[in-house]
Structure formats: structure tokens, C-alpha cells
Amino acid sequence: MSSMFGLISRVRTSLNPPEAKPLPDSKPLKFGVLGAAAIAPMAFIAPVKSHPEAVVYAVAARSKERAAAFAKTHGIEKVFGGSNSYQELLDDPEIDAIYNPLPNGLHFEWTMKALAAGKHVLLEKPSANTAEETRKMFELAENKGLVLLEAFHYRFHPLAHRVKAIVESGELGAVKSTSTSLSIPRGIMKADDIRFNYSLGGGALMDMGCYTINAMRYFAGADPTAVLSAEHELVSPQIDRKTVATFSLPGSITSTILCDLSVPPMLKLIPALPIMNAVIQCEKGEIKVMNYIAPTLYHSITVTTTANKKSRVEKAYTFPDLGEPWWTTYRYQLEAFVNKVKGRTPHAWVTKEDSIKNMEAIESVYAKSGLGSRPKSEYVPS
Ligand SMILES: *[C@@H]1O[C@H](CO)[C@@H](O)[C@H](O)[C@H]1NC(C)=O
């Protein structure tokens, strides 16, 4: 009963978090949002509301009406609309940091422009269409002394940390294999979704696969040395709706990833359920993680030792010294981002090297299957 009450209360509060009052001795970071993306309210606007040192100050969208409607819905002070609106927002001296949830194919151009304008950037994943672009963005951020973060939000939640700690404790011995999945049922993504558009950087591997690859690398604690297999189900010649790939990693680890933007119903009738699981097989047992992507709703970590077949179940909604049970992955991520910008040590981070390696792994799968990397940006930094 109490866990059911906990679930309902956690979900309700995470969707509609309490508004934080500004701190008397700290100027809040003023954020500008590029585009009126559907992901923004959950991934960014709600977390900002409950953060005492952040405010969403401005939004820009090509359509003036869309920008104005978005601003009104979310109580955003300043609106930029029209064909030059993104640049106008970047040029606003009031703004400290940019949230960039634009389609993947526009990540490079608008992150480079935001950094050139002197703004910190919270960038949606995958960071770009190619690892080379990712490297260039981070180099510019370093040169300008600005914070750039690829928004792998799950990495900031205590669940991911607890799983990693169990792996690193040595309790189960060395990692032998990992399997990380992320798939959602048919019907959530429409056929004309930007995720199915090659020139915008679409494909299941880019969108959901970037998580499965990141989680594989994080939990295994290593980067792949080879792609052993790469299979897709395609919706068009270069766009994968589903990808299954296997990798070899140092230490004789074999890892499988599975991502699917649109799982067909079972027996053509029963809708599939979202799958967001990770399994880490070790020498002396395994860790099964249910829902590593949105753990605030519900999750479990089941640790089983092979010798005595004993299992235990763990949960991790907060750190000992940080967070609330209703904090989403995005809220934990924002905490780290603000701390980093303010010169404090964040509780977790995704580094430049991490982001580059992730993009390299994505490209290596597309290279193996012959689908090829998503197109390079035509933007040439001035
Ligand atoms: C992909 O997006 C571009 C840019 O918005 C658009 O011009 C193109 O028609 C789209 N392609 C498909 C297949 O939808």
C-alpha cells in the first residue's frame, strides 16, 4: 500500500513540481530555448520551475504564433519569432545559457552559434550527426570557457549510479556481457516524425539507440572495440525503425543493444509495452535493471548471484545528500548543469570524451550495416 501511495505521489509531483523560490544570494541562470519542441516541457521547463537558481527567460521559434503560444503556456517572459529568431535569442545579452532540443541535424549549427555568442549550452542527445561535429562543439566550448553538456539525463539519477556502484564493487566479479534496450510501441511516433527524416539526423539508433549505447558504455565501463553485427528494420532506405547490434568491448565483454521507435502490436492486436531495461551479466551473477531511462516513475535493480541463486531488489530514488523521490532524471541533470555553470562541482557529468565516444559508436554501427552516418551539417563556422 505505502509503495502504491509513494508511486502516485512521486509521479504526480514529478509532473507538476513545486515552484522553487529564488535564493536571496544567487542570481538565477537565465535560459533561452531554441524551438518550441514537444520534449521541452518535460525535459526542461518543469525541472527549471523547481530549481531555485534557474529560469526559462526566452523562447524562439520560426513561427511567431507557435513561439507566443509556447511562451504563454509556460509563463516565459520573452518571445522571439520569425526566420531570424534563433540568432536574435542568442544575441540577447540577458541570456546565460541555451537549451537546444532542435532536430539532431541542427544541433551542430545552433550549438556552435550559441557558443560563439558566449552562451553555455544544454544540448539534447545525440549531440550531433557525427563524432567530428561533436568534437568541434566541445573544442569551441573549451576555448570559450563555456559549459556544454549532452543531455544524457538518466546518468544524473541515483539509479544509474547505484547500478554502476554494484558493478564496480566487484561483488559479482567482472562484467561478461551487457544488454541494453529501449523501445516504444507503435503509435507514439507518427510516420512524418522528424526521427524518420534522414537529412534531420533521424533513425532509431540516433534517437533511442544513443541511450542504449551510452548505457552499455557506462555500465560496462568501457568503449566498444568492434561492431560484431548490426541489423535494422528500415522504414526508408537510410532510416532504421529498429536496430539490434552487438559489440565487443575490452575484457572479452560482448554487448547487445536493441532500440525500436515503433514496436508492432503482438499477434497484431495486443499493444507492445515500452521496454527500458538493462541486463549486466557478470562472472558471479547478474544485475537486471528495469527502467533505467525514466526511473522516477518506477524502477527496480535485481541482483542475483549464480552460486546460491539468491536475489535482492534495490531502489534508488535519491542520493544520500541530494534529491527528492519525485525528482526526474531531468531535474537531477539540471542540478548538475547549474552547479557546473556556477563553478561548483556537479554530482555527475557527461564529459566531452564520453560524448565523442558515444557518437563514434553510433557511427560505427551505421558503418557496419552500410546505412552510413547521418549527413554532416552544411554549416561552416565563421
Ligand atoms: C526532412 O526535413 C526536411 C527539413 O525540414 C524537409 O525539407 C524534408 O522534406 C523532410 N523529408 C522527409 C522525407 O520528410
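Residues numbered from 1 in each chain as written. Predicted model: local features only at pLDDT ≥ 70, side-chain atom pairs only at ≥ 80, totals over all residues. Heavy atoms only, no water.

Draft legend 1. The UniProt feature "domain: GFO/IDH/MocA-like oxidoreductase" (unreviewed entry) in the protein, seen in detail. Under the local residue numbering, the UniProt record ascribes the feature "domain: GFO/IDH/MocA-like oxidoreductase" (unreviewed entry) to residues 162–266. For residues 162–266, the helix share is 23%, the strand share is 42%, and the end-to-end C-alpha distance is 33 Å. (UniProt positions renumbered as here; feature names shortened; annotations may be inferred. Helix = DSSP H or I, 4+ residues; strand = E, 2+ residues; numbered from the N terminus.)

Draft legend 2. Broad picture of the side chain of Asp240. Tracing the chain through its elements places Asp240 in strand E9 (residues 239–249). With no salt bridge to any partner, buried Asp240 finds its closest opposite charge in Arg374, at an N-O distance of 4.3 Å. Within the structure, the side chain of Asp240 is placed 2.7 Å from the side chain of Thr243, a separation counted as a polar contact. Contact partners of Asp240, with chain neighbours within four places excluded, come to Gly203, Ala204, Leu205, His232, Glu233, Leu234, Leu261, Tyr366, Leu371 and Arg374. (Buried < 20%, exposed > 50% of the residue type's maximum accessible area, 1.4 Å probe, protein only. Lys, Arg positive; Asp, Glu negative; His and termini not counted. Salt bridge = Lys/Arg side-chain N within 4 Å of Asp/Glu carboxyl O. Polar contact = N/O pair within 3.5 Å; in protein donor to acceptor, adjacent residues only side chain to side chain. Contact = heavy atoms within 4.5 Å.)

Draft legend 3. The arrangement of the environment of Ser311 in detail. Mapped onto the elements of the fold, Ser311 is located in strand E14 (residues 311–314). The spacing of Ser311 and Glu286 is 25 residues in sequence and 9.4 Å in space, taken between C-alpha atoms. Aside from chain neighbours lying at most four places away, what touches Ser311 is Thr302, Val303 and Thr304. Within polar-contact distance, the side chain of Ser311 engages the side chain of Thr304 at 2.8 Å.

Draft legend 4. Looking closely at the site of the ligand. The environment of the ligand is made up of Asn197, Ser199 and Leu200. Burial of the ligand by the protein chains amounts to 25% of its free accessible area of 360 Å². (Near = heavy atom within 4 Å. Areas by Shrake-Rupley, 256 points an atom, 1.4 Å probe, with all protein chains shown as cover.)

Draft legend 5. Looking closely at the packing of helix H2 (residues 40–49) against helix H10 (residues 329–341). Between H2 and H10, the shortest axis-to-axis distance is 8 Å and the interhelical angle comes to 60°. Judged by the inter-axis angle, H2 sits oblique to H10. H2 and H10 meet at a crossing whose hand is right-handed. Between H2, through Met42, Ala43, Phe44, Pro47 and Val48, and H10, the contact on the second element is made entirely by Tyr330, Arg331 and Leu334. Class assignment of the residues belonging to the contact of H2 with H10 gives a composition of 7 nonpolar, no polar and 1 charged. (Axes fitted to C-alpha atoms, helices over the stretch in contact; angles between N-to-C directions. Parallel < 35°, antiparallel > 145°, perpendicular 65-115°, else oblique. Left-handed = near helix turned anticlockwise from the far one by under 90°. Nonpolar A, V, L, I, M, F, W, Y, C, P; charged D, E, K, R; others polar.)

Draft legend 6. Layout of helix H9 (residues 209–220). Counted at 1.5 Å a residue, the expected span for H9 with its 12 residues is 16 Å, and the 16 Å between its end C-alpha atoms agrees. With 12 of 12 residues buried, H9 lies mostly within the body of the structure. Regarding H9, the residues found buried are Gly209, Cys210, Tyr211, Thr212, Ile213, Asn214, Ala215, Met216, Arg217, Tyr218, Phe219 and Ala220. Directly beyond the C-terminal end of H9, a positive phi value near 70° is found at Gly221. (Expected span 1.5 Å × (residues − 1).)

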